[in-house]
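These are the residues of each chain, in order.
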Amino acid sequence: MYLNQFLLLSAALFAIGVYGVLARRNGVLVLMSIELILNAVNINLVAFAAFGNQLAGEVFALFVIAVAAAEVGVGLAMVLLLYRNRKSIDLTQIDMMRG
Amino acid sequence: MSTSALFAATGGFDPLTGGEVMVAQNIAFAIMAVTMLVSAVRMVTTRNVVHAALYLVIVLAGAAGTFILLGAEFVGVTQVLVYIGAIIVLFLFGIMLTKGSFGDDDDVDGERRSMAAMVGALVLAVMAAALVDTFRDAELSRAQPSLTADVGDLIFSQYIVPFEAISVLLLAALIGAIVVARGD
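Throughout, a residue's number is its position along its own chain's written sequence, starting from 1. Chains and ligands are labelled sequentially in the order written, the chains with letters from A and the ligands with numbers from 1. Given that the model is predicted, a residue must reach a pLDDT of at least 70 before its local features are reported, and side-chain atom pairs must reach 80 or more before they are shown or counted; all residues, however, enter totals for whole chains, interfaces and linings.

Visitor: Can you help me understand the overall build of chain B in this one?
Guide: Numbering goes from the N terminus for both helices and strands, where a helix is a DSSP run of H or I of at least four residues and a strand is a run of E of at least two. A tally of helices and strands in chain B yields seven helices and zero strands. When the helices and strands of chain B are read in sequence order from the N terminus, they spell out α-α-α-α-α-α-α. Each residue is classed by its C-beta neighbour count within 10 Å, where at least 20 other C-beta atoms makes it buried, 12 or fewer makes it exposed, and intermediate counts make it partly exposed; the C-beta atoms are placed from backbone geometry. Burial status across chain B gives 24% buried among its 184 residues. The long-range fraction of contacts in chain B, counting pairs at least 24 apart against all pairs at least 6 apart in sequence, stands at 55%. Two residues qualify as being in contact provided that their C-beta atoms, derived from the backbone, are within 7 Å of each other.

So this is what it looks like as structure tokens:
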């Protein structure tokens, strides 16, 4: 197996995730797209771990999974708070800090 | 000609590069890659939020399969446990608590979709060009799957400080999420 087939899959998933973050305006869907991006990063880390025949990449993939879990927890709490205060999770309407 | 016959005919070696051909792995990779890409595209284009979460499950399961294909069994199992088991449930709860209905939703997409598609395509083009140029036909060298015991040894020796930092981060995120989401 070539290294590049995994890296290109990861790059494609990353690009799709970037599109999702930019194109969506529903807060939950933006968080999901961020998960997609983090997963692309994980595939990259594990592919390089297999390529270099060492384990540091796998360890950091596990760390990324843990950080992603923390991020989703806090992110969804913020979306819930937003929904409770504004009755909407449309991110284009979140402009109360605009000068 | 079946794939195993083809494999035997070439003597198990790719005549072009001399490396060992792994037919079964390549077929598994192709199936998972296509499934993941189609599901990911559907995830960012569907108008139904619940369907988006379910498409995300397919992508995450494909990623777990990819990890196992790469010989990282522990990461693959952790992916299934943490992502599919916990994070997706969290997402579904988030959707339930912020939406009245479960049908299609017309206002999930912003107005600048073509701009976003352009940025995504540009990111993909630049990364693909750089990757193809850098790792032309580098082959994966791992002969057998990595041992979970070795991963554990590495976490608890060389990477003990980041591990403890992650532990504190998870605790902080837990408390932070409770404080933010609590009503009063």
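Visitor: Would you take a moment to explain the overall build of chain A for this structure?
Guide: The number of helices and strands found in chain A is three helices and zero strands. Radius of gyration here is computed from C-alpha atoms only, and the compact-globule reference equals 2.2 Å multiplied by the residue count raised to the power 0.38. The C-alpha radius of gyration computed for chain A amounts to 17 Å, which surpasses the reference 13 Å derived for 99 residues by more than 25%, pointing to a less compact arrangement than a globule. Along the first, second and third principal axes, the C-alpha set of chain A runs to 50 × 25 × 20 Å. Across the 99 residues that make up chain A, the buried fraction comes to 60%. Counted over contacts in chain A with a minimum sequence separation of 6, partners at least 24 positions apart contribute 45%.

Visitor: Please explain the interface of chain A and chain B as it appears in this structure.
Guide: Accessible area lost on assembly of the parts is the figure often given for the size of an interface. Contact residues are listed per partner, giving 62 residues for chain A and 74 residues for chain B. For the side of chain A that touches chain B, the secondary-structure elements that each account for two or more residues are helix 1 (3-23), helix 2 (27-52) and helix 3 (56-86) of chain A. Counting residues per element, the side of chain A that touches chain B draws most heavily on helix 3 of chain A, which supplies 20 residues. Side-chain classes follow a simple rule in which Ala, Val, Leu, Ile, Met, Phe, Trp, Tyr, Cys and Pro form the nonpolar group, Asp, Glu, Lys and Arg form the charged group, and the remainder, Gly included, forms the polar group. When its residues are assigned to classes, the side of chain A that touches chain B shows 47 nonpolar, ten polar and five charged.

Visitor: Help me understand the nonpolar core, please; the structure alone is not making it clear to me.
Guide: Side chains of nonpolar character tend, in soluble globular proteins, to be buried together. By size, the foremost hydrophobic cluster in this structure holds 75 residues, and its most contacted members are Leu13, Val28, Met32, Val46 and Ala47 of chain A together with Val59 of chain B. If you list the elements that add at least two residues to this core, you get helix 1, helix 2 and helix 3 of chain A together with helix 2 (23-45), helix 3 (49-69), helix 4 (73-98) and helix 7 (160-181) of chain B. In terms of residue count, the dominant contributor to this core is helix 2 of chain A (16 residues). As used throughout, domain bounds are those supplied by an automatic or database domain assignment. Among the domains, domain 1 (3-108) and domain 2 (147-184) of chain B are the pair contributing at least three residues each to this core. If we skip the residues at most four places from it in the chain, Leu13 of chain A touches Leu36, Asn39 and Ala40 of chain A together with Met36 and Ala40 of chain B. When buried Ala, Val, Leu, Ile, Met, Phe, Trp, Tyr and Cys residues are joined through C-beta atoms within 7 Å, the set is termed a nonpolar core.

Visitor: What am I meant to see in helix 2 of chain B here?
Guide: Note: α-helices contain 3.6 residues per turn, so residues at a spacing of three or four share the same orientation. To estimate the expected span of a helix, subtract one from its residue number and multiply by 1.5 Å. For helix 2 of chain B, spanning 23 residues, the distance from its first C-alpha to its last is 33 Å, which sits close to the expected 33 Å at 1.5 Å a residue. Among the residues of helix 2 of chain B, those classed as buried are Phe29, Met32, Met36, Ser39, Ala40, Met43 and Val44 of chain B. Against the buried residues of helix 2 of chain B lie helix 1 and helix 2 of chain A together with helix 3 of chain B.

Visitor: Any chance you could explain unusual backbone geometry here in plain terms?
Guide: Apart from glycine, the bulk of residues carry a negative phi angle, and the bulk of peptide bonds sit in the trans form. Residues and elements named next belong to chain A. Positive phi, close to 55°, is recorded for Asn53, a residue that is not glycine. As for its placement among the helices and strands, Asn53 is situated in the loop between helix 2 and helix 3. A tally of 12 C-beta atoms within 10 Å means that Asn53 is categorised as exposed. At Lys87, a position not held by glycine, the phi torsion is positive, near 60°. Checked against the element boundaries, Lys87 lands in the segment after helix 3.

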